[in-house]
Amino acid sequence: RLKAVAFLLHRQPHLLKTQLYVTPLELVLSSCGVIENGEQRQNKALITKMNNLSISSPDYLHIVNDTFANSDCYCLPQPPKLLTIMDGEAITAKRTAAVSAISAKLFKPALSEVLCILGSGQQARSHYDVFTKLFKFKEVRVWSRNKEMAQRFVNDLQDPVTVCSSVKEAVIGADVIVTATGASQPILFGEWVKPGAHIAAVGACRPDWRELDDVLMREAVVYVDSREGATAESGDIILSGAEVFAELGEVINGSFPAQREKTTVFKSLGMGIQDAVSAKLVLEKWNSEY
Ligand SMILES: NC(=O)C1=CN([C@@H]2O[C@H](COP(=O)(O)OP(=O)(O)OC[C@H]3O[C@@H](n4cnc5c(N)ncnc54)[C@H](O)[C@@H]3O)[C@@H](O)[C@H]2O)C=CC1
Ligand SMILES: O=C([O-])C1=[NH+]CCC1
């Protein structure tokens, strides 16, 4: 399987996740990226991540394999050496929140006073950490389908956060909304969303799963991390028929505008390259310190 992935990576630097339905896990996603140094394409590494999404607490594993020297050869020139195994869960939490924060920086209303987080798991926590570190909000609200978990989430924090009893109560008037739940049906409805708000939609990463309703998806300007990923993996996009306006990267490089005066949705699916770059940074820091 690694050989097949390596073959594909030689052909195509950005790969969609491979989705395998394996009993009893149901779903394993494998996300891949490649790191290379310099024009000679030496010192390349292949990164794979395996996620199990079907159980309440997903398991993640990063494997970084070392040095595929010959870029024109589609079979491995030598058996790959296992370079390292990393904690994929920690990296995934941080890198996903970091990408959402870029979307918020580009698309949130100029005056953003209220942050609302739906969900109280790993992603909810990493998004809380990054968003409150980078932006100043007057009020932060959290909703979780399990109110005790929401309360536990809030108890761990230094700053005051309001626990809401319903999604509607949590989102009314919010300027920035993060959806980070395991929902498979819409929980956030367009009729509740303040015009001009920004939604970072992190959950519902399967083609038949939803977090946002059709009204919101069709009325908002929709940005994605990867068009290819979004049209293959996102139920919110596929099932609503919403049009993707631009990729985040296309806004950053100036090809498409950030329509921050409109209601915006950033539909995040996660990309292998985000894992590859994060794994590289972690490894470099480790090597420089130990
Ligand atoms: N876009 C991306 O790059 C990534 C997306 N994800 C997705 O983000 C979501 C959250 O992931 P984690 O925080 O790691 O999971 P977690 O298991 O730590 O937290 C899940 C949260 O969703 C809630 N929840 C579960 N089922 C629900 C339902 N039917 N309705 C409403 N709430 C429900 C739980 O109570 C909990 O608060 C998942 O859908 C996961 O697949 C995860 C990693 C990366
Ligand atoms: O990129 C990723 O790690 C994931 N995307 C959807 C769930 C996990």
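Residues numbered from 1 in each chain as written. Chains lettered and ligands numbered in written order. Predicted model: local features only at pLDDT ≥ 70, side-chain atom pairs only at ≥ 80, totals over all residues. Heavy atoms only, no water.

Enquirer: Describe the site of ligand 2, naming the residues involved and giving the relevant values.
Expert: Taken together, nine residues lie near ligand 2, and Lys17, Lys49, Asn51, Arg95 and Leu269 sit nearest. With respect to ligand 2, the side chain of Arg95 contributes an N or O atom lying 2.8 Å from an oxygen atom. Between ligand 2 and the protein, one listed contact pairs a nitrogen atom with a backbone N or O atom of Leu269 at 2.7 Å. Its free accessible area being 250 Å², ligand 2 has 92% of it covered by the protein chains. Among the secondary structure elements, those contributing two or more residues to the shell around ligand 2 are strand 3 (42–52) and helix 2 (88–107). In the shell around ligand 2, the residues fall into three nonpolar, three polar and three charged. (Near = heavy atom within 4 Å. Polar contact = N/O pair within 3.5 Å; in protein donor to acceptor, adjacent residues only side chain to side chain. Areas by Shrake-Rupley, 256 points an atom, 1.4 Å probe, with all protein chains shown as cover. Helix = DSSP H or I, 4+ residues; strand = E, 2+ residues; numbered from the N terminus. Nonpolar A, V, L, I, M, F, W, Y, C, P; charged D, E, K, R; others polar.)

Enquirer: Break down a nonpolar patch on the surface for me, with residues and values.
Expert: Taken together, the side chains of Ile273, Val277 and Leu281 make up a nonpolar region of the molecular surface, amounting to roughly 250 Å² of accessible area. On the accessibility criterion, Ile273 (37% relative accessible area) is partly exposed. (Patch = residues over 30% accessible without salt bridge, like charges linked within 9 Å, V, L, I, M, F, W, Y side chains within 5 Å. Salt bridge = Lys/Arg side-chain N within 4 Å of Asp/Glu carboxyl O. Buried < 20%, exposed > 50% of the residue type's maximum accessible area, 1.4 Å probe, protein only.)

Enquirer: An account of the environment of Leu281 is requested, with residue identities and associated values reported.
Expert: By secondary structure assignment, the location of Leu281 is in helix 10 (residues 272–289). When the C-alpha atoms of Leu281 and Leu118 are compared, they prove to be 29 Å apart, with 163 residues separating the residues in sequence.

Enquirer: Residues and numbers for the pattern of salt bridges, please.
Expert: Overall, the coordinates contain twelve salt bridges when judged by the stated rule. A salt bridge links Glu113 to Lys138, with the shortest nitrogen-to-oxygen separation between them at 3.1 Å. Highlighted residues: Glu113 in the loop between helix 2 and strand 6 (114–118) and Lys138 in the loop between helix 3 (122–134) and strand 7 (139–143), separated in sequence by 25 residues. We classify Glu113 as partly exposed; its relative accessible area is 28%. Arg210 is the partner of Asp236 in a salt bridge, and the nearest nitrogen-oxygen pair spans 2.9 Å. Of this pair, Asp236 sits in helix 8 (residues 235–240) while Arg210 is found in the loop between strand 10 (198–201) and helix 6 (214–219), placing the two residues 26 residues apart along the sequence. Since its relative accessible area comes to 0%, Asp236 is described here as buried.

Enquirer: Pulling in residues and values, what's your account of helix 3?
Expert: The end-to-end C-alpha distance of helix 3 is 18 Å, a good match for the 18 Å that 13 residues give at a rise of 1.5 Å each. Where helix 3 is concerned, the buried positions are Gln123, Ala124, Ser126, His127, Tyr128 and Phe131. Looking at the buried positions of helix 3, the neighbouring elements they touch are helix 2, strand 6, strand 7, helix 4 (147–155) and strand 9 (176–179). (Expected span 1.5 Å × (residues − 1). Contact = heavy atoms within 4.5 Å.)

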